[in-house]
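Take a look at the letters that make up each chain.
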Amino acid sequence: MFAAALKSYGETMSITPSVIIVNVGNHSDAVERSLKGTDVEVDTFTFKGDYYSLPNLIPLLCSGTRMELLMDIMSYELPHREERKLVTV
């Protein structure tokens, strides 16, 4: 049902959503399997830490899309080397 609802949402909003699934404890892969046949980008992480470190996943969940990450990387200015003059003897 999630895959169908996500497809409907994407068509209504004219977007292509991506999904991050965080498996915690005992989990089922039913949602992930239902999304495999769709055009939805799915990232799955299995959390094996303690529950006190679980809030550290929030920055991962709030991050942008892969395209936004790529654009951030591409906009980063590369370092430049100083030109050296060749001295001939």
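What counts as what
Numbering of residues starts from 1 in each chain and follows the order in which that chain's sequence is written. Local features are withheld for residues below a pLDDT of 70 in this predicted model, meaning they are given only at 70 or higher, and side-chain atom pairs are given and counted only at 80 or more; totals for whole chains, interfaces and linings count all residues. In computing side-chain properties, one takes all heavy atoms of the structure into account and sets aside hydrogens as well as water. A run of H or I in DSSP becomes a helix once it reaches four residues, and a run of E becomes a strand once it reaches two; helices and strands are each numbered from the N terminus. Only protein chains enter the accessibility calculation, which uses a 1.4 Å probe; a residue is then buried when its area is under 20% of its type maximum, exposed when over 50%, and partly exposed in between. One less than the residue count of a helix, multiplied by 1.5 Å, gives the span that helix is expected to have. Of all possible arcs, the one meant is that of the directions from the helix axis to the C-beta atoms. Between two residues, a contact is recorded if the distance between any of their heavy atoms is within 4.5 Å. Patch building starts from residues that exceed 30% relative accessible area and form no salt bridge, then joins like charges within 9 Å and nonpolar side chains (Val, Leu, Ile, Met, Phe, Trp, Tyr) within 5 Å. Only the protein chains shown count as cover for residues, and the accessible areas themselves come from Shrake-Rupley with a 1.4 Å probe. Note on definitions: salt bridges are taken to be side-chain nitrogens of Lys or Arg within 4 Å of carboxyl oxygens of Asp or Glu.

Draft legend 1. Molecular detail of the environment of E83. Inspection of the secondary structure puts E83 in the segment after helix 4 (66-75). By relative accessible area, which is 79% here, E83 ends up exposed. Put simply, E83 and V24 are 59 residues apart on the chain and 53 Å apart in space, counted from C-alpha to C-alpha.

Draft legend 2. Helix 1 (residues 2-13), seen in detail. If you check helix 1, its first and last C-alpha atoms are 16 Å apart, about what twelve residues at 1.5 Å a residue would give, namely 16 Å. Among all positions in helix 1, only A3, L6 and G10 are buried. Buried residues of helix 1, viewed axially, fall in a sector of 65°; they line one side. Exposed side chains of helix 1 directed beyond 90 degrees from the buried face belong to A4, E11 and T12. Check the buried side of helix 1 and you find it contacts strand 1 (18-24) and helix 2 (30-36). Of the residues one or two after helix 1, S14 is the one with positive phi, at around 55°.

Draft legend 3. Spotlight on a nonpolar patch on the surface. On the surface, a cluster of nonpolar side chains totalling about 650 Å² of accessible area is made up of M67, L69, L70, M71, I73 and M74. Looking at where L69 falls in the secondary structure, it is placed in helix 4.

Draft legend 4. Summary view of the environment of L6. Relative to the assigned elements, L6 resides in helix 1. For L6, a relative accessible area of 12% gives the class buried. When the C-alpha atoms of L6 and I21 are compared, they prove to be 14 Å apart, with 15 residues separating the residues in sequence. Leave out the neighbours within four places in its chain, and L6 touches P17, V19, L35 and V40.

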